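Below are the chains, spelled out letter by letter.
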Amino acid sequence: MSRICQIDIDDCGLPTPTPEVEQERKVAVFDLLEDNSFVLAARDGKLAPDGPFAMKLGIRDRRLVIDIKNEAGAQIAELQLSLGPFRQVVKDYYQICGSYFEAVKRLPPSQIEAIDMARRGIHNEGARILQERLEGKAEMDIDTARRLFTLVCVLHFGG
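Residues numbered from 1 in each chain as written. Predicted model: local features only at pLDDT ≥ 70, side-chain atom pairs only at ≥ 80, totals over all residues. Heavy atoms only, no water.

## With respect to the packing of aromatic side chains
So, step 1. Enumeration according to the criterion identifies 4 aromatic pairs in this entry.
So, step 2. Ring plane angle 80 degrees and centroid distance 5.9 Å describe the contact between Phe38 and Phe53, whose orientation is recorded as edge-to-face. One end of the pair, Phe38, is in strand 2 (residues 38-40); the other, Phe53, is in strand 3 (residues 53-60), with 15 residues separating them in the sequence. For the pair formed by Phe38 and Phe53, the shared burial category is buried.
So, step 3. Plain terms: the ring middles of Tyr93 and Phe149 are 5.7 Å apart, the flat faces sit at 70 degrees to each other, and that makes the pair edge-to-face. One end of the pair, Tyr93, is in helix 2 (residues 87-106); the other, Phe149, is in helix 4 (residues 142-158), and 56 residues separate them in sequence. In this pair, the class of Tyr93 matches that of Phe149, namely buried.
So, step 4. One aromatic cluster is present, formed by Tyr93, Tyr94 and Phe149 through successive ring pairs. (Phe/Tyr/Trp six-rings, centres within 6.5 Å; stacked < 30°, edge-to-face > 60°. Helix = DSSP H or I, 4+ residues; strand = E, 2+ residues; numbered from the N terminus. Buried < 20%, exposed > 50% of the residue type's maximum accessible area, 1.4 Å probe, protein only.)

Geometry only, nothing functional implied.
Structure (structure tokens):
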């Protein structure tokens with residue numbers, strides 16, 4: 001079972017998210033737990049640990065920290081990624097999301113659809129960066145990467 005069975009966000013010290021950001025977070029967590037594929041890579045001559053995995057995401061010392069435990073709570077891995085490669089795509093994602101939320105209130109469906117297509121494109125770019133940054137450490141499908149990228153954005157919002 002190479003999947004994530006639990007996801008927690010360490011948002012200690014982060015500002016209170018907007019209702020839109022909180023909704024994005026809830027949807028991402030729900031969708032992630034419903035369907036995901038996450039495999040840790042074999043490292044240091046050891047076999048890859050089996051899932052399911054409990055994951056905690058946080059930001060520490062300007063790094064994304066992904067703490068991974070087994071279902072029993074035993075530490076399996078801690079992955080740390082620089083936030084630098086995510087900064088521009090997170091900024092772009094928040095700008096397009098803001099435009100999308102405003103568009104839903106006042107624009108016709110055709111314009112909303114165009115903004116949503118751009119939003120999905122930026123979201124896919126963020127997921128691709130996450131997959132690249134985790135190469136050799138963990139593998140995941142694009143849908144799992146998209147949902148995790150949303151949660152990185154939630155953390156980045158306050159970090």
